[in-house]
Amino acid sequence: MQPTNIADPAYFHKVVDCQWACPAHTPVPEYIRLIAQGRYSDAYMVNWVSNVFPGILGRTCDRPCEPACRRGRVEQANTGQPEPVAICRLKRVAADMKDDVRTRMPTRVPSNGLRVACVGAGPASLTVARDLAPLGFEVTVFDAEARAGGFIRTQIPRFRLPESVIDEETGYILDLGVEFVAGRRIASMKALMAQGWDAIFVGCGAPRGRDLDLPGRSEVGGQVHIGIDWLASVSFGHVTTIGKRVIVLGGGNTAMDCCRSARRLGGADVKVIVRSGFAEMKASPWEKEDAMHEGIPIIDFHVPRAFVHEGGRLVGMSFDVVRAEYDDQGRRSLVPTGEPEAFFACDEVLVAVGQENSFPWIERDSGIALDKWGLPQLDRLTFQSSVANVFFGGDSAFGPKNIITAVAHGHEAAISIAQLLAGEEPRQRPAPTTNLMSQKMGIHEWSYDNDTSLDVRYKVPWAKAEMALASIRVEVELGFDAATAFKEAQRCLNCDVQTVFNQSTCIECDACVDICPMDCISFTADGDEPDLRTRLKAPALNLAQDLYLSGELKTGRVMVKDEDVCLHCGLCAERCPTGAWDMQKYLFNSAMAESAKRPRARALEVAA
């Protein structure tokens, strides 16, 4: 193998598994350390720069960082149960316990005269506004609703996300000098383009929920509801009750929000019925757990067959019972088990079987190319459409995902807009900033706490069930208190503090090998990677994690470190008699629109 190039920004970035997995690349260990120090406002601002909505995401994020967390792998190796750090809920701690941060928000520079329109006031559009407005762009956000937030406001129930949190964090962005045009639904892309905007960003989400065209559907229209539309009606107070017996169709997070909302609006017998197996459901594991914790059963491998009615009144649904079979390519088929069809009585049905984009307002002769699924044809790097100054992001770009993905899209689109309006090629992306700095303060002292906690993951307290289920607006999760937040933060393994090896000072005493608690350091003969992985002190079986390889040492051996289960405890650096190992903090900050080339102010060009 070739020696590892640690100067490549991607190498140590990948070692920080949580940050690498986050679509917005939030520097997770950095803000967790700040929380442990009680510096909640600092932790909030570290979050705000990258993920924009710390209080919202601290309650609702899909948490791609947590399955990637190294702590989860270490716990699973020791106990068989993965217990990653509660990254998402620690984010909420920073939001809940911070001081007033309004004075820490960016200061807007004088206008550069360049006008940017954002269609929709969801997370993608608001991220574009947050990145461009402080740079002098005149950003206008249009939305059909009275308040900003998009699907954050209309689709996420208040028992998960209080409206005050949405108001606060959308307010930070609008206060940057963004013009918010409420109650304005854009009905024509051609008309919008004719208004002379320098750039247009479309972030209006995937606003259409899929229906089920089954026998009986037309006869029972008033008792069957599209999940996302029903959630919006609940959010705005248009729907306040539901029938006693409710079936929710679908296995995603929207279905989980529907069933838990129905439970609070009077549904005494609420069931989730899904085509796939329980493990294959798209809903996050914790969303399924929360629903079942509230007494809602999830019935899998049932394919809807018909809406059963008597004289036009819904009385239940029938289902085919199926099982999963897989071919040689791993493709799944659902085949009947031969059991009799199942019947479940109900008064109302909530259909949450998926969402799709709907762009009736984008004329087919506008120049914006759409594919056969009705999605815009975009450059996946720049989010640029076939019309050079029109960009898409969030669910509008590639279909429904989640809030943090929409935020990541917004950051990237903002860079593209800034580059384009500066006369640069949008595909020429500014580089991220990185910093690698030793944490050594003495022979056995580091500027971070490297004592590995043995605690298991702490549980977030909930409101009492009789209170939580009595109202749609009572927040269920109460969040960590300061003491518990500190203990949970201490579980973080500081994966951004890297073990950096200097081969020129190594004397090959193998002291680091002896002291490593995870057996992840080896000195051995070089070889091809598949062979080398089997010859280490502990075989390196996780191919998703890199090997850290030195050049040839004086004995002809090489140092090989398996990055997979390293605790970043620093014992190798403390034990090394020559200082060949050092603990160095690697801070990776993604490029933002402010890193792009600044456009000249239009007023100056006119004056010239």
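Residue numbers run consecutively from 1 along every chain, following the written order of its sequence. Where totals are concerned, whole chains, interfaces and linings use all residues; where local detail is concerned, this predicted model gives features only for residues with pLDDT of at least 70, and gives and counts side-chain atom pairs only at 80 or more. Only hydrogens and water are set aside when side-chain values are computed; all heavy atoms of the structure are taken into account.

(A) Quick look at the overall build of the protein. On a plain count of helices and strands, the protein comes out with 23 helices and 24 strands. The C-alpha atoms of the protein give a radius of gyration of 27 Å, which matches the 25 Å a tight globule of 608 residues would have. Dimensions of the protein, computed from C-alpha atoms along their principal axes, come out at roughly 85 × 75 × 50 Å. Between buried and exposed lies partly exposed: a residue is buried under 20% and exposed over 50% of the maximum accessible area for its type, with that area taken using a 1.4 Å probe on protein chains only. Relative to its 608 residues, the protein shows a buried fraction of 56%. Put simply, of all contacts in the protein between residues at least 6 apart along the chain, 72% involve residues at least 24 apart. Calculation of accessible area relied on Shrake-Rupley with a 1.4 Å probe; when residues are assessed, cover is drawn exclusively from the protein chains displayed. Of the accessible surface of the protein, which amounts to about 25,800 Å², a share of 52% is contributed by carbon and sulfur atoms. When the 66 basic and 79 acidic side-chain charges of the protein are each reduced to a single mean position, those positions are 3 Å apart. Secondary structure is summarised from DSSP: a helix means a run of H or I of at least four residues, a strand means a run of E of at least two, and numbering begins at the N terminus for each. The globule rule used here is 2.2 Å times the number of residues to the 0.38 power, and the radius of gyration it is set against is calculated over C-alpha atoms. We call two residues in contact when some of their heavy atoms are within 4.5 Å. Counted as positive: Lys and Arg. Counted as negative: Asp and Glu, with His and the chain ends omitted from the count. Note that the charge is assigned to NZ on lysines, CZ on arginines, CG on aspartates and CD on glutamates.

(B) View of the pattern of salt bridges. Salt bridges are defined by distance alone: a side-chain nitrogen of Lys or Arg within 4 Å of a carboxyl oxygen of Asp or Glu. This model, assessed by the stated rule, comprises 48 salt bridges. The closest approach of N and O atoms between R153 and E163, which form a salt bridge, is 3.0 Å. Residue R153 is found in helix α10 (residues 151-155), and its partner E163 is found in helix α11 (residues 163-174); the two are separated by ten residues along the sequence. If you follow the salt bridges from partner to partner, you end up with D17, R70, R73 and D564 in one network.

(C) Representation of the packing of aromatic side chains. Note on aromatic contacts: the rings of Phe and Tyr and the six-membered ring of Trp form a pair at centre separations within 6.5 Å, being stacked when their planes are under 30 degrees apart, edge-to-face when over 60 apart, and tilted otherwise. Summed over the entire model, instances satisfying the criterion amount to twelve aromatic pairs. Relative to Y172, the ring of Y44 has its centre 6.4 Å away and its plane inclined at 75 degrees; by these criteria the two rings are edge-to-face. With Y44 in helix α4 (residues 40-51) and Y172 in helix α11, the pair connects residues that are 128 residues apart, well separated along the chain. Of the residues examined, Y44 reaches a relative accessible area of 0% and is grouped as buried. Using a relative accessible area of 8% as the deciding quantity, one classes Y172 as buried.

(D) Fine view of the side chain of E169. Here E169 is to be found in helix α11. Buried within the structure, E169 lacks any salt-bridge partner; K98 is the closest side chain of opposite charge, at an N-O distance of 5.7 Å. As used in this structure description, the phrase polar contact means that two N or O atoms lie within 3.5 Å; if the pair is within protein, one of them must be able to donate a hydrogen and the other to accept it, and residues adjacent in sequence are counted only when both atoms belong to side chains. Within the local environment of E169, its side chain forms a polar contact with the backbone nitrogen of I56, the two atoms lying 3.0 Å apart. Look past the residues within four positions of E169 in its chain and what remains in contact with it is Y44, F53, P54, G55 and I56.

(E) Molecular detail of the sheet that holds strand β3 (residues 179-181). Taken in spatial order, the five strands make up an open sheet running β3-β2-β1-β4-β16, and their pairing is parallel. Edge positions in the open sheet fall to β3 and β16 (390-392), since each of these has one partner strand only. On average, each strand axis in the sheet is inclined to that of its neighbour by 20 degrees, with strand direction left out of account. One bridge is not enough; two strands pair if DSSP finds at least two bridges between them. Sheet analysis places strand β2 (residues 138-142) next to β3, joined by three bridges and oriented parallel. Opposite V141, over in β3, you have F180 as the bridge partner. Strands β1 (115-119), β4 (199-202) and β16 of the sheet are contacted by helix α17 (residues 403-421), whose axis makes an angle of about 165 degrees with β4. For helices, the fitted line uses only the C-alpha atoms of the stretch in contact; every axis is such a line through C-alpha atoms, and the angle between N-to-C directions lies from 0 to 180 degrees.

(F) Looking closely at the pairing of strand β10 (residues 302-310). With eight bridges connecting them, β10 and strand β11 (residues 313-326) associate as antiparallel partners. The partner of F307 across the bridge, within β11, is M317.

(G) Representation of the packing of helix α9 (residues 123-132) against α17 in the model. The interhelical angle for the contact between α9 and α17, taken along N-to-C directions, is 40 degrees, at an axis separation of 7 Å. Overall, the two elements α9 and α17 adopt an arrangement that is oblique. Note on packing geometry: the crossing formed by α9 with α17 is right-handed. Between α9 and α17, the residues in contact are P123, A124, T127, V128, R130, D131 and L132 and I403, A406, V407, G410, H411, A413, A414, I417 and A418, respectively. Each angle receives one of four descriptions, namely roughly parallel if under 35 degrees, roughly antiparallel if over 145, roughly perpendicular if within 65 to 115, and oblique otherwise. The crossing is said to be left-handed when, going from far helix to near helix, the turn is anticlockwise and less than a right angle, and right-handed when the turn is clockwise.

(H) Representation of the pairing of strand β8 (residues 269-273). Within β8, four of the five residues are buried, which leaves the element mostly enclosed by the surrounding structure. Of the pairings in the sheet, the one linking strand β7 (residues 245-249) to β8 comprises five bridges and is parallel in character. Opposite L249, over in β8, you have I273 as the bridge partner. The β-α-β motif built from β7, the intervening helix α14 (residues 253-264) and the parallel element β8 has right-handed crossover chirality. Where β8 and strand β9 (residues 298-299) come together, two bridges link them in parallel fashion. The residue bridging I273 from the neighbouring strand is I299, located in β9. With respect to chirality, the unit in which β8 leads through helix α15 (residues 285-293) into the neighbouring parallel β9 is right-handed. Handedness is read with the strands pointing away from the viewer; a crossover is right-handed when the path from the first strand over the helix to the second is clockwise.

(I) Inspection of the sheet that holds strand β17 (residues 433-438) at higher detail. Overall, antiparallel pairing links the three strands, which are arranged β17-β24-β20 in an open sheet. At either end of the open sheet lies a strand with only one pairing partner, and these are β17 and β20 (497-501). For this sheet the average axis-to-axis angle between neighbouring strands, irrespective of direction, equals 35 degrees. In terms of strand pairing, β17 meets strand β24 (residues 581-589) through six bridges, oriented antiparallel. Among the inter-strand pairings, N435 is bridged to a residue of β24, identified as L587.

(J) Structural context of helix α3 (residues 28-36). By the criterion of burial, α3 is predominantly enclosed, with nine of the nine residues buried. Taken together, the buried residues of α3 touch α2 (17-21), α4, α8 (87-97), α19 (482-489), β20 and β24.

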